[in-house]
Amino acid sequence: MKVSTETVGSPSPDRGSTLIIAIGFVMAIGSIAAGLSALVVSSMNSRGTLIELRDTEYAADGAIEAAIAEVRTQPGDLSSACGDMAGSRVEVLNGQSIRVDWYNACGVVRGGDGAVVAQRNVIFAACPDTGATCLEDAIVIRAQVNFEQTTTGAVTETFVQTWSVNR
Amino acid sequence: MRRTNDNGETLLEIVLTIIIIGITVTALISGLATASTAGNAHRANVSSDAVMRSYAEAAKLASRQCAPGAPLAIEFLPLAGYTVRVEPEAPVCPAVSTTQLLQLTVTAPEGLTQRMEIRVRTP
């Protein structure tokens, strides 16, 4: 009579490996699926952020252009180009409400004849409108513009001296 | 007493295994295709954004070089396949005391359309 050496009902040596392989397989597939999902979601978010940033930047740009045009209509006081001229306005562009604050930042140069000449420079700061003066952290664009004037105080041309965008 | 064969190689088990692997591979390929499509859409979006920014800068440059009341001639050549449009269709350079509102539209070859408003002024 032939007798089997295998004990009836005892587990085979590789029993359980199937479960481990199955779990590993499921985890691998899950990781790949999660990675793909993250990639797609990231692309969607990036798209929204990209457009939003650009719209904000050009809304601030347009708001400052409008502010420069407004300041241009306000002839400077020739006797005090460094006076306390300041102002603000709100502009809606690309569906965003942008506030622009400005104030005088006079400069002084020496002319060819040696005379000291005051420069009418104005600093503009644009930020999303919150109803209050732009805070330093919220400023999107800051620009300094020189307003060239005639002896009567009328502005003949504007020169952008600095134009920095905070992204 | 009849012993059960647990070698795991019955026809049913093999068929089930093939089905599961087939479903998994199909899902993976679909996922990769979706990711690829999303990548292409993202690239088109970024390219459209670049075209839009360049177009806006071309419009601003044109406004700095023309006199109030003169036609605002925007010189811009978009990337191949992209089309650009500005409204109003025949913009003019604004008076020095005001600005001109322009609405720019960029359409990508894939049909993706982006719009943006800018303001330009003469110096």
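Along each chain, residue indices are assigned from 1 in the same order as the chain's sequence is written. Chain letters start at A and ligand numbers start at 1, both assigned in the order the entries are written. Confidence filtering applies because this is a predicted model: local features only for residues at pLDDT of at least 70, side-chain atom pairs given and counted only at 80 or more, and all residues used for totals across whole chains, interfaces and linings.

*Asks:* Sorry, what's going on with the overall build of chain B here?
*Replies:* Strands are runs of DSSP state E lasting at least 2 residues, helices are runs of H or I lasting at least 4, and numbering of each runs from the N terminus. A tally of regular secondary structure across chain B gives one helix and three strands. Its helices and strands taken in sequence order, chain B reads α-β-β-β from the N to the C terminus. Principal-axis analysis of the C-alpha atoms gives chain B an extent of 105 × 25 × 15 Å. Burial statistics for chain B: of 123 residues in total, 19% are counted as buried. Long-range contacts, defined as pairs at least 24 residues apart, comprise 53% of the intrachain contacts of chain B with a sequence gap of at least 6. In this scheme the burial state of a residue depends on its C-beta neighbours within 10 Å: 20 or more other such atoms mean buried, 12 or fewer mean exposed, and anything in between means partly exposed; the C-beta positions come from the backbone. Each residue is represented by a C-beta atom placed from its backbone, and any two residues with such atoms within 7 Å are regarded as in contact.

*Asks:* What is the right way to read the overall build of chain A from this model?
*Replies:* The helix and strand inventory of chain A stands at one helix and seven strands. Sequence-ordered secondary structure for chain A, helices as α and strands as β, is α-β-β-β-β-β-β-β. Evaluated residue by residue, chain A yields a buried proportion of 23% over its 167 residues. A sequence separation of at least 24 residues applies to 51% of the contacts in chain A between residues at least 6 apart.

*Asks:* Just checking my understanding: could you explain the interface of chain B and chain A for this structure?
*Replies:* One frequently used descriptor of interface size is the decrease in accessible area upon assembly of the parts. Counting from both sides, the interface comprises 28 residues of chain B and, opposite them, 27 residues of chain A. For the side of chain B that touches chain A, the secondary structure elements donating two or more residues are helix 1 (11-64) and strand 3 (113-120) of chain B. For the side of chain B that touches chain A, the leading source of residues is helix 1 of chain B, giving 15 residues. In the side of chain B that touches chain A, the residues fall into twelve nonpolar, nine polar and seven charged. Any residue outside Ala, Val, Leu, Ile, Met, Phe, Trp, Tyr, Cys, Pro, Asp, Glu, Lys and Arg is labelled polar, Gly included; the first ten of those are nonpolar and the last four are charged.

*Asks:* Mind showing me how you'd approach the sheet that holds strand 1 (residues 86-93) of chain A here?
*Replies:* In any sheet, the strands associate via hydrogen bonds between backbone groups, in a parallel or an antiparallel arrangement. All names here are of chain A. By this definition, two strands are paired if DSSP reports at least two bridges between them. An order of 1-2-5-6-7 is seen for the five strands of this open sheet, with the pairing classed as antiparallel. Edge positions in the sheet fall to strand 1 and strand 7 (155-165), since each has one partner strand and no second. The mean angle between the axes of side-by-side strands here comes to 25°, regardless of whether they run parallel or antiparallel. The angle between two axes is taken between their N-to-C directions and runs from 0 to 180 degrees, where each axis is a line fitted to C-alpha atoms and a helix contributes only its stretch in contact.

*Asks:* Any chance you could explain the sheet that holds strand 3 of chain B here in plain terms?
*Replies:* Residue and element names in this part refer to chain B. Strand order in the open sheet formed by three strands is 1-2-3, and the pairing between neighbours is antiparallel. The open sheet has two edge strands, strand 1 (83-87) and strand 3, and neither has a second partner. Here the average twist between neighbouring strands, direction ignored, is 20°.

*Asks:* Help me understand the confidence of the model for chain B, please; the structure alone is not making it clear to me.
*Replies:* In low-pLDDT regions, the fine details of the predicted coordinates are not to be read closely. Predicted confidence across chain B gives a mean pLDDT of 87, with 93% of residues reaching 70 or more. Reported confidences for the modelled complex are a pTM of 0.76 and an ipTM of 0.78. Values of pLDDT, which run from 0 to 100, indicate the predictor's confidence residue by residue.

*Asks:* Looking at this structure, I do not really get the pairing of strand 1 of chain A. What am I missing?
*Replies:* Pairing of strand 1 of chain A with strand 2 (residues 96-104) of chain A, which is carried by eight bridges, proceeds in the antiparallel orientation. Bridge pairing links A:A86 to A:Y103 in strand 2 of chain A.

*Asks:* Before we go on, may I ask you to explain unusual backbone geometry in this structure?
*Replies:* A negative phi holds for most residues other than glycine; trans holds for most peptide bonds. Of the consecutive residues B:E87 and B:P88, the connecting peptide bond is found in the cis state with omega at 0°. Assignment of secondary structure puts B:P88 in the loop between strand 1 and strand 2 (100-107).

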